[in-house]
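Letter by letter, the chains look like this.
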Amino acid sequence: MTIYFVAGEASGDEHGAALLRALREMTPDMVFAGRGGPKMLAIAGDAFINWSDAAAVVGLWEVVKRYGYFREQFQNTLSEIATIKPDAVVLIDYPGFNLRLARVLRKKSPALKIIYYISPQVWAWNRGRIAQMARFLDLMLCIFPFEAELYNKSGLRTVFVGHPMIENLAKLRNGEERQPNLIGLFPGSRRREIRKIFPIMLEAAREIAVARPEIRFEVAAASESLALEIRKMLDASSLRDRVHVVTGVAPRTMQHAFAGMVASGTATLEAAYFRLPFVLVYKVSWPTYFAARLVLKTKHLGMPNVLAGREIVPEFIQHEARPDTISKAVLKLMNDQAARDTMILEFNAIIDKLGETGASRKAAEAIVDELNTRASRDLT
């Protein structure tokens, strides 16, 4: 059997690689093709395209500016699938690209199995699309328990597999003690995110350093290219000797830092998993922000807050992302033990909702069952 995968960002590459490993353990002769990042490429081999750095953009305005690139990649993806003729296409997160791809594929190939892993968060901005998705997807594999109920009601067969983050991060727990004078900075996994968010974090860090001169900072970069971008910004900063940049080891930073500033995204759940008290910082272009406010149906942006149903992590978004207010909130988490304990207790409840380890294995089993069901129907 051959499966074609599409993942478009660092987190999708991480979860996709875990899924590929689980599938290979179950069906060693399965062939993998598609596009994602370096971790998926290392498992899939030469029939895979590493495009995650170029594909990882955030926001409406940023996508519009690169419309030509994405249009070309969309057509290339359709051509690759038509040539390979896979038994199934597995789409991993990345909804702006993957939902459109699923719709076109259903029209072009009505018999093709189309499976979505890590469901798009349409419940946050357009629940009406859930019924539409049921018409062009065969199976949804979701990672939050409340999603399964929403999708199943629409007629889209859905399986809750748990959050793959749990199994990945469980292997990285090191029991390291927190350093009481260290703050972790997690400015995102995309270049445009870093250019918008890191300067705000850096200015907040400067204000914190004035209040507490003994504090140091560690920036977790998602890749070496992003680390270079961060170091360029640090060259002009008075904090350059007190900020250490590390690459590819965000979970370690989350475990030994005493508090953190985290960009919205998967990293917020990772920080909650490691019980790192933190504040959420996020900023995008103004056109993207206004477009998001028009469609966003949830009160909060960070997933810990969405899962809790209230703000347990302070959110500083767009015009509210001011260094003075951010620095005060972080200092409170550094100095106020009661505030730290309260946030950590909330994190315990949130992580319990995400299921046990083994999400990738459960997702792989669901995919194989779907393919075997189709094979059985074809034989009869």
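For the structure, check the block above.
Report follows, based on the coordinates. (Residues numbered from 1 in each chain as written. Predicted model: local features only at pLDDT ≥ 70, side-chain atom pairs only at ≥ 80, totals over all residues. Heavy atoms only, no water.)

All right, on to the nonpolar core then. Within soluble globular proteins, side chains that are nonpolar generally end up buried alongside one another. If you look at the biggest cluster of nonpolar residues, it comprises 100 residues, and the most contacted ones within it are Phe-5, Leu-23, Met-261 and Ile-326. Those residues in contact with Leu-23 that lie beyond four places of it in its chain are Ile-3, Phe-5, Met-30, Phe-32, Ala-364, Ile-367 and Val-368. Within the second largest apolar cluster, 27 residues are counted, among which are Phe-97, Ile-130, Leu-137 and Leu-156. (Core = buried A, V, L, I, M, F, W, Y, C linked by side-chain atoms within 4.5 Å. Buried < 20%, exposed > 50% of the residue type's maximum accessible area, 1.4 Å probe, protein only. Contact = heavy atoms within 4.5 Å.)

Pairing is parallel in the open sheet, where seven strands are placed in the order 3-2-1-4-5-6-7. One side of each edge strand has no neighbouring strand; the edge strands of this open sheet are strand 3 (48-50) and strand 7 (158-160). Geometrically, the sheet is characterised by an average inter-axis angle of 20 degrees between neighbouring strands, direction not taken into account. Helix 8 (residues 145-153) rests against strand 6 (139-142) and strand 7 of the sheet, and its axis sits at about 170 degrees to strand 7. (Pairing = 2+ DSSP bridges. Helix = DSSP H or I, 4+ residues; strand = E, 2+ residues; numbered from the N terminus. Axes fitted to C-alpha atoms, helices over the stretch in contact; angles between N-to-C directions.)

Before going further, it helps to spend a moment on the packing of aromatic side chains. For the coordinates displayed, the defined rule picks out nine aromatic pairs. Taken together, a centroid distance of 6.1 Å and an interplanar angle of 15 degrees make the contact between Phe-144 and Phe-146 stacked. Pairwise contacts between aromatic rings join Trp-51, Phe-74, Tyr-94 and Phe-97 into one cluster. Lying over the aromatic face of Phe-258, Arg-340 brings its terminal NZ or CZ to 3.6 Å of the ring centre. (Phe/Tyr/Trp six-rings, centres within 6.5 Å; stacked < 30°, edge-to-face > 60°. Lys NZ or Arg CZ within 6 Å of the ring centre and 35° of its normal.)

Looking now at the pattern of salt bridges. All told, the structure shown has 17 salt bridges when counted by the stated rule. In this structure, Glu-370 and Arg-157 form a salt bridge, with 1.9 Å as the shortest nitrogen-oxygen distance. With Glu-370 in helix 18 (residues 359-379) and Arg-157 in the loop between helix 8 and strand 7, this pair connects stretches of sequence that are 213 residues apart. Using a relative accessible area of 6% as the deciding quantity, one classes Glu-370 as buried. In this structure, Glu-203 and Arg-206 form a salt bridge, with 2.7 Å as the shortest nitrogen-oxygen distance. Here the residue Glu-203 and the residue Arg-206 both occupy positions in helix 10 (residues 191-211), the gap between them amounting to three residues, near one helical turn. Here Glu-203 falls in the partly exposed class, since its relative accessible area comes to 29%. Residue Arg-206 is classed as partly exposed on the basis of its relative accessible area of 34%. (Salt bridge = Lys/Arg side-chain N within 4 Å of Asp/Glu carboxyl O.)

Attention now moves to the sheet that holds strand 8 (residues 182-186). Strand order across the open sheet formed by six strands is 10-9-8-11-12-13, with parallel pairing between neighbours. The open sheet has two edge strands, strand 10 (243-247) and strand 13 (315-317), and neither has a second partner. Strand after strand, the sheet turns through a mean of 20 degrees between neighbouring axes, direction not considered. Here strand 12 (residues 278-282) pairs with strand 13 via three bridges, running parallel. If you follow Leu-280 over to strand 13, its bridge partner there is Glu-315.

What follows covers the packing of helix 16 (residues 323-335) against helix 17 (residues 337-352). Packing of helix 16 against helix 17 brings their axes to within 5 Å, and their N-to-C directions diverge by 95 degrees. Classified by the interaxial angle, the pair formed by helix 16 and helix 17 is roughly perpendicular. Along the contact surface, helix 16 presents Lys-332, Leu-333 and Asn-335, while helix 17 presents Gln-337, Ala-339, Arg-340 and Met-343. Of the residues belonging to the contact of helix 16 with helix 17, the class tally is three nonpolar, two polar and two charged. (Parallel < 35°, antiparallel > 145°, perpendicular 65-115°, else oblique. Nonpolar A, V, L, I, M, F, W, Y, C, P; charged D, E, K, R; others polar.)

Mapped onto the secondary structure, Ala-7 falls in strand 1 (residues 2-7). Each C-alpha atom, one on Ala-7 and one on Pro-277, is 30 Å from the other, the two residues being 270 residues apart in sequence. Excluding anything up to four places from it in sequence, Ala-7 contacts Gly-12, Asp-13, Arg-35, Gly-36, Met-40, Trp-51 and Ile-92.

Another point: the pairing of strand 12. Of all the five residues making up strand 12, five are buried; the element is thus mostly covered by neighbouring parts of the structure. In strand 12, alternate side chains face the same way, and those of Phe-278, Leu-280 and Tyr-282 on one face and Val-279 and Val-281 on the other are all buried. Crossover handedness for the path strand 11 (residues 259-263) to helix 13 (residues 266-273) to strand 12: right-handed. (Right-handed = clockwise from strand over helix to strand, strands pointing away.)

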